[in-house]
Every structure is written in structure tokens, then in C-alpha cells.
Amino acid sequence: MDAAQFAELVKKIEVGKKLPDAIYLHESALDAIPVKLATIINAVGKALKIPTDNWNIVKLSRKSFTMSLLHYPTFFAESYPALTQSVSVDLQKLSHKVTDYSNYDNPPILHRKETMIKREHPSYDDFCMITQEGEQAGLYKNPRHIGFKASWEALINSHGYELVDGRLFRNSALAQTTDNKKISRDKTAIVRYELSSPMKVLAKHGFLEGQYNIFDYGCGRGDDLRELEAHGLDALGWDPNFLPDADKLNADLVNIGFVINVIEDRNERIEALQGAWQLTDKLLVASAMLANESYLAQFTPYKDGIITSRNTFQKYFTQSELKLFIELSLDEQAIAVAPGIYFIFKDKDLEQEYLQNRHRRKHTWEHKSKPIDVKEAATKLLFTKHSELFELFWQTCLLLGRCPAVDEFSESTELLDTVGTLKKAFRLCKSYYDENDLLIAQQMRREDLLVYFAVGLFGKRKPYKHQPEQTKRDIKAFFDTHTNAQAEATELLYQIADIEKIEQECVAANETLPASVLDHEYDKPHALTLHKKYLDLLSPLLRVYVSSALQLYGELEDIQLIKIHITSGKLTLLGYEDFETAEQPRLKERVKIKMAEQDVDFFDYLNEFHEVANLQNKQLYLEA
């Protein structure tokens, strides 16, 4: 074999971790590469008299006629195994070099092990979950800092995490160990802990802008509290290990972050959640660790969880199991906002506002029309003298799709003094401005409300006796009665199970959206894929279809493409790395939401520069 043949065979490899300069493969995946290349690899090992149990990873160069046989003896036992020996082989010169790392204090380590094995391997899902945790913790943002054991452990610690049995845990979720670590206090000034993921979710939705006070139930060492206080927020906390003497105080927002999963007694776990709920005035954020059964099988079971190597208890949940636990414990609706994170509202008006904002579309109104002639000179003069006031009022009308009430328009007093009544001002504006804008606004607001009610029915949200005043006015304006609104929403919700209707809507969407892809199977439309920025342009039925599925997942933070499966009642979410800038962005994650089973499956595709996982036709999903 010469260099050209070697390069051609390497180019054909479809499995493995693909980096710009090399491909990494576990020995179990050698049967998935060209036979001639696999034969060469095994022949090199035999020629160099390297025992088969002294290497398990092969590194194939993509730019030169070289390869390396690497030994990671704890490949399956540890999440981030260390390299003990490397045999670098120059196939052109027929020379090799052996490097022993077994006595190194800071050896190279592996990440993203799932990329080096085949997908059907029994460990594939477990490896994916390990990688997903690191992604969510923000550990892979700068790959140059993660290649060696010491820098990797320092990075984990700097993000406020600790490794326990290969899984990442927030320091605040772990009880203090008996062998207390000495803290170098002179170094604390340079340490920067990120907010925990539940706090990041609160910040994303505008709850950490200073209008609410916060209580952290189970705050650990107080990482989040220090960061919140540094931003001038009113934040306090309590923890049984680190702040046992602190008072448990009521607050607008209460966070119980990764606490219930470390409590071994189920009743005590429920009491902790209920205790946090009792302190909540407006919103409770509850979160827990997620894992699947195959991962848990390697540990010692205890009660409904496992015992870790540190002799601590961990209760892992699935997404749907966590939702059920919260709702049964509190008898309240739990709203998924991210994997393993749920909002539970005590302030139902705030909940309605949050849910409506999830479904409310934004439209930029271009004021293209010119004032038309009006019969009465007095009216014309009125608009000329008070142009800013009427313009502001008209924009409020377009936002609501109707005439605002006195408390819905900030300048009501001035307008009443000028015109007499808001209804009169509304009639004058309709004759002065382009009423077509109002008709569009009314249709949009009515559809948004229908989507809101229908998604609520899918989630079996409890009906509330008292709707916010604005919603009552909307219902009156667009449906006449709440019963009518619910009836239309129910009819709309039932249509998500109508395959023919979903197919019609997907075909129509493909024709009208700025960009989308309609896949076919056996000459029948099979699935519609679109960018998330076009969600608001979908018909009410498809918006209900997507929003109902997202109730089981949460927000589309790192997702770009959404795939609507026409016949199976499923929704697939696709997240890519550098989607906006890369010509062929690399697939990072795929989430499959199964509405019929009320379940969510997570898959990671984190192998860098993997040709199969790269999006080849990005332009089809974006407006030219």
C-alpha cells in the first residue's frame, strides 16, 4: 500500500471521531472501515509485536502516511480515560516510536468516546449522555483546554462541578466529604463560577432583571448567590450542609436545583420539594439529574436510586418521570423549560403571561400608509396637533388587535381629555390609518390565543377561575365567550392527530414559507423541516403540533431545525454547531419527541467534522 491508497481508504471511513488531521477509532469499529485498511492496522500491530491488549484506539492520519496505536485501558470504565502508551508509526519510512505515559502526572485524555464506536455498540448511549453533560456545563467551548487530565479537571472545577463516578455534579449538590479539602483563599478572587443551568433559564426568560427577589433552596456553597448578589439582585439561600442556620424565607422566585436527586428517602424528597413550594410566592424552579437505565445498571441499586463510589445516593430521573414526580408531589402543572428543568407557577397570572408569550408572535409594522382625507376639518386638525399621541395609541391597537382598555394604554388620560372616549379614538384611527394592518393584527392575535388554549388542553393544564383581565378582554373581543374559545381550541387540538390535515398543512407551509424542505417517502409527503425562526409563520394547526411537543422538552435554546413528522406524531429537533457561520454546520444534538408516548429521546452527534453529520444543504433552510 502506498500513501495515495492509504489516503483514499481513510477518506472512505464513515465512522470514528474525525478531526482536521486524523480519525480516531476504537478497535470494536474496525469492521466498519475498508477491509484492506483494517488488515493493515492489525498487520502493523503484529509486526511491531504489540499485544492486542496493549492498544484499543487507532489514530489514522488524514494528511500523511502515518498511524498510531493508542492504549486507553480504562476506555469503558472511566468517562475520560487516560492514555498509557502511544506507538506512532511512519508507514513511509517503516519506523515507529513508543511513548510511555503510564507514569505521567498529566497524561492526555479522551472525550466524546461515542464518536469512536459504532452506534449499535451497547455503550453508545451512555457515552452520549456523558458528552451531553459536558456540553451543558459549557466545558467544550474551548477545545484547546481539554486535552490533558490536569487542565480538564481544573476546567471542571472552575465551572463549579465535580466528577463522581464519571458524571458531572454541581458542587452545590454534593454534601461535604469527611476529608475536607483545604481552600486556597488567596486564589478565590480569580475564580469565576457560571450560573447554574436553572438560573440561566430564569435569566433567559427575564426573571432576573431585578423585579423579583430570589431564594435558593439547597444553595450548597452559594455559587449562584454570589453571582446574583454581584449583579445587585436580592438573593438569599439555605443549605443543610453549608448554611444550616440560615432562615428559610419566602421569595418571589425559589430555586430547588439538583437537590431532590441526592435525597435517598422518597418521603423526604417530596417534603423538600413541598418545602420549597411553601416558600414560593410566584415561581418555583425544580431540576434534577437525568439518566437512562443502561447507565444505572453499572451501579449498586439502593431504594429507587443508586449508591456512588463516594457512598452518596443519587436518584436519576427521565424527563417524563421528573415531570410526574413534581406534579404528583405538588398537585400543580409542571412546565418543561429545558431537559431536567421545570417551572411551577404559584402566581397563575404570571404563568398565563409566560405561556402566552411563548406563543405570541412579533410583527414589525411598517407605517406605509399616508393620512387620508377626512370630511371633518376638526378631525384632521386633531390628528395634526396630536400626531404622536394618536400614533402611539394606534400601535397599541395593533399590538392587541382591538381597542385597548384605559389601563392598557399609558397615555389614556391625555387621550380621553383630547377625544372623550377610547372607542371614539379607535374609530377615528381606523379611518385615518390603514385598517388592513388592524385586520392582520386581529387575525394574528386570535390565532395566538387559539394556539395558547389548544396547547394548554394538550398539557392537561388546569382551568383557572380567574383569567388575567387582558385575556378576558381578548376572549370577549375574539370569541365572545370562554366556552367558545375552548371549543375552537379543542377542535384545533384534535386535528393534530388527523394525518391528512397535517399533510395538507405541511405541503402548504412548504409552498409559502421563505425556506423549508419537504421530504417524501414512497412518493408521499413524509416530513417538513424548517428553521425555528419560521415557526411563527406556520398555520395555527402546525404551531399547536410543534408547541404541544415542546411542552415535553422546553425551549429551543440550542436548536436550529425542526422536523415535523407527518404520520407518526413525532417531532425531531436538530441542533448544529456554528449554524449561522459554517458552510456545512456539524450536527451536535438530535431530540426526538414522541407525543403519543409522552416521552423524549436525546441523541448526541459530537464527533468533529463528521461528514455524515454535516448539513450539506443549509441554504435550503434559510431565506435567500
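Because the structure is predicted, anything quoted here is derived from the model rather than measured. (Residues numbered from 1 in each chain as written. Predicted model: local features only at pLDDT ≥ 70, side-chain atom pairs only at ≥ 80, totals over all residues. Heavy atoms only, no water.)

### Quick word on the overall build of the protein chain
No. 1: What the protein chain contains, in helices and strands, is 19 helices and 23 strands.
No. 2: Partitioning the contacts of the protein chain with sequence separation of at least 6, the portion at a separation of at least 24 is 62%.
No. 3: When the accessible area of the protein chain is evaluated, it comes to approximately 31,100 Å², of which 50% is carbon and sulfur surface. (Helix = DSSP H or I, 4+ residues; strand = E, 2+ residues; numbered from the N terminus. Contact = heavy atoms within 4.5 Å. Areas by Shrake-Rupley, 256 points an atom, 1.4 Å probe, with all protein chains shown as cover.)

### Comments concerning the environment of Lys 118
No. 1: Turning to its location among the elements, Lys 118 is positioned in the loop between strand S6 (95–100) and helix H3 (124–136).
No. 2: On the accessibility criterion, Lys 118 (19% relative accessible area) is buried.
No. 3: With 103 residues separating them in the primary sequence, Lys 118 and Val 15 have C-alpha atoms 6.9 Å apart.
No. 4: When near neighbours in sequence (up to four residues on either side) are disregarded, Lys 118 contacts Ser 28, Ala 29, Asp 31, Ala 32 and Tyr 124. (Buried < 20%, exposed > 50% of the residue type's maximum accessible area, 1.4 Å probe, protein only.)

### Some details on the confidence of the model for the protein chain
The predicted coordinates ought not to be read in detail in places where the model reports low pLDDT.
No. 1: When pLDDT is averaged across the protein chain, the result is 83; 88% of the residues are at 70 or more.
No. 2: Overall, residues 174–193 carries pLDDT values under 50, and its contacts beyond four positions in sequence, including any with other chains, amount to 20 contacts.
No. 3: Within the model, pLDDT remains below 50 along residues 367–376, and this stretch shows 11 contacts once partners closer than five positions in the same chain are excluded. (pLDDT = per-residue confidence, 0-100.)

### Thoughts on the nonpolar core
No. 1: Leu 202, Phe 207, Phe 343, Leu 538, Leu 571, Leu 573 and Ile 593 are the most contacted members of the largest nonpolar core, which totals 72 residues.
No. 2: Beyond its immediate stretch of four places on either side in the chain, Ile 593 contacts Ala 549, Leu 550, Leu 552, Tyr 553, Gly 569, Lys 570, Leu 571, Leu 573, Asp 599 and Val 600.
No. 3: Grouped together as the second largest cluster of nonpolar side chains are 28 residues, Tyr 217, Ala 286, Ala 334 and Ile 344 included. (Core = buried A, V, L, I, M, F, W, Y, C linked by side-chain atoms within 4.5 Å.)

### Details of the sheet that holds strand S12 (residues 280–287)
No. 1: A sheet is described by the order of its strands in space; here 6 strands give the open sequence S10-S9-S11-S12-S17-S16, paired in mixed fashion. Each end of this open sheet is capped by a strand with a single partner; those strands are strand S10 (235–238) and strand S16 (335–338). Strand-to-strand twist across the sheet, computed as the mean angle between neighbouring axes with direction ignored, equals 25°.
No. 2: Summarising the sheet, strand S9 (residues 214–217) and S10 pair through 4 bridges and their orientation is parallel. Across the sheet, the residue bridging to Ile 214 is Ala 235, located in S10.
No. 3: Sheet strands touched by helix H6 (residues 223–230): S9 and S10. Its angle to S10, the strand with the most contacts, is close to 170°. (Pairing = 2+ DSSP bridges. Axes fitted to C-alpha atoms, helices over the stretch in contact; angles between N-to-C directions.)

### A look at the packing of helix H15 (residues 435–458) against helix H17 (residues 482–494)
No. 1: For the pair H15 and H17, the least separation of the axes is 8 Å and the interaxial angle reads 70°. As far as their axial angle goes, H17 and H15 are roughly perpendicular. Taken together, the residues of H17 that come into contact with H15 (itself represented by Arg 446, Leu 450, Phe 453, Ala 454, Leu 457 and Phe 458) are His 482, Ala 485, Gln 486, Glu 488, Ala 489, Thr 490, Leu 492 and Leu 493.
No. 2: In terms of residue class, the contact of H15 with H17 is built from 9 nonpolar, 3 polar and 2 charged. (Parallel < 35°, antiparallel > 145°, perpendicular 65-115°, else oblique. Nonpolar A, V, L, I, M, F, W, Y, C, P; charged D, E, K, R; others polar.)

### Here's the deal with the sheet that holds strand S18 (residues 517–521)
No. 1: The antiparallel open sheet is built from 6 strands, whose spatial order is S18-S19-S20-S21-S22-S23. With one partner strand each, in any of the chains shown, S18 and strand S23 (599–604) form the two edges of the open sheet. Across the sheet, the axes of successive neighbouring strands diverge by a mean angle of 20°, strand direction being ignored.
No. 2: In terms of strand pairing, strand S21 (residues 570–577) meets strand S22 (residues 586–594) through 8 bridges, oriented antiparallel. Counted as the bridge partner of Thr 572 is Lys 592 from S22.

### Topic: the packing of helix H10 (residues 348–359) against H15
No. 1: Taken N-terminus to C-terminus, the directions of H10 and H15 make an angle of 120°; their axes are 9 Å apart at the nearest point. Classified by the angle their axes make, H10 and H15 are oblique. Here H10 runs over H15; the crossing is right-handed. Of H15, the residues touching H10 (which contributes Gln 352, Leu 355, Gln 356 and His 359) are Arg 445, Asp 448, Leu 449, Val 451, Tyr 452 and Val 455.
No. 2: For the contact of H10 with H15, the per-class residue count stands at 5 nonpolar, 3 polar and 2 charged. (Left-handed = near helix turned anticlockwise from the far one by under 90°.)

### Topic: the environment of Leu 399
No. 1: Following the sequence through the fold, Leu 399 ends up in helix H12 (residues 387–400).
No. 2: We classify Leu 399 as exposed; its relative accessible area is 55%.
No. 3: The spacing of Leu 399 and Gln 442 is 43 residues in sequence and 8.9 Å in space, taken between C-alpha atoms.

### Remarks on the packing of aromatic side chains
No. 1: The full count for this structure, using the stated rule, is 20 aromatic pairs.
No. 2: A ring pair is formed by Tyr 140 and Trp 152, whose centres lie 5.7 Å apart and whose planes are at 40°; its orientation type is tilted. With Tyr 140 in the loop between H3 and helix H4 (149–158) and Trp 152 in helix H4, this pair connects stretches of sequence that are 12 residues apart.
No. 3: Relative accessible area serves as the criterion here: at 10%, Tyr 140 is assigned to the buried category.
No. 4: Ring geometry for Tyr 452 and Phe 453: centres 5.1 Å apart, planes at 50°, overall tilted.
No. 5: Through a chain of ring-to-ring contacts, the aromatic side chains of Phe 207, Tyr 212, Phe 343, Phe 345 and Tyr 354 assemble into a single cluster.
No. 6: Directly above the aromatic system of Trp 238 lies the positively charged group of Lys 248, at a separation of 4.0 Å from the ring centroid.
No. 7: Sitting over the face of the ring of Phe 579, Lys 618 holds its NZ or CZ atom 5.7 Å from the ring centroid. (Phe/Tyr/Trp six-rings, centres within 6.5 Å; stacked < 30°, edge-to-face > 60°. Lys NZ or Arg CZ within 6 Å of the ring centre and 35° of its normal.)

### Focus: unusual backbone geometry
Outside of glycine, negative phi angles account for most residues, and trans bonds account for most peptide bonds.
No. 1: Even without being a glycine, Asp 331 presents a positive backbone phi close to 55°.
No. 2: Turning to its location among the elements, Asp 331 is positioned in the loop between helix H9 (319–330) and S16.
No. 3: Exposure remark for Asp 331: the relative accessible area of 52% places this residue in the exposed category.
No. 4: The phi torsion at Gln 598 lies on the positive side, around 55°, for a residue other than glycine.
No. 5: With respect to the helices and strands, the residue Gln 598 is situated in the loop between S22 and S23.

### As for H3
No. 1: Helix length check: H3, at 13 residues, gives a terminal C-alpha distance of 18 Å against a target of 18 Å (1.5 Å per residue), a fit within 8%.
No. 2: Burial runs high along H3: 10 of the 13 residues are buried.
No. 3: Among the residues making up H3, those that are buried are Tyr 124, Asp 126, Phe 127, Cys 128, Met 129, Ile 130, Thr 131, Gln 132, Glu 133 and Gly 134. (Expected span 1.5 Å × (residues − 1).)

### With respect to the side chain of His 26
No. 1: Topologically, His 26 is positioned in strand S2 (residues 22–26).
No. 2: For His 26, a relative accessible area of 3% gives the class buried.
No. 3: Excluding anything up to four places from it in sequence, His 26 contacts Asn 56, Ile 57, Phe 75, Phe 76, Met 116 and Ile 117.

### Description of helix H19 (residues 540–550)
No. 1: With 11 of 11 residues buried, H19 lies mostly within the body of the structure.
No. 2: Of all the positions in H19, only Pro 540, Leu 541, Leu 542, Arg 543, Val 544, Tyr 545, Val 546, Ser 547, Ser 548, Ala 549 and Leu 550 are classed as buried.

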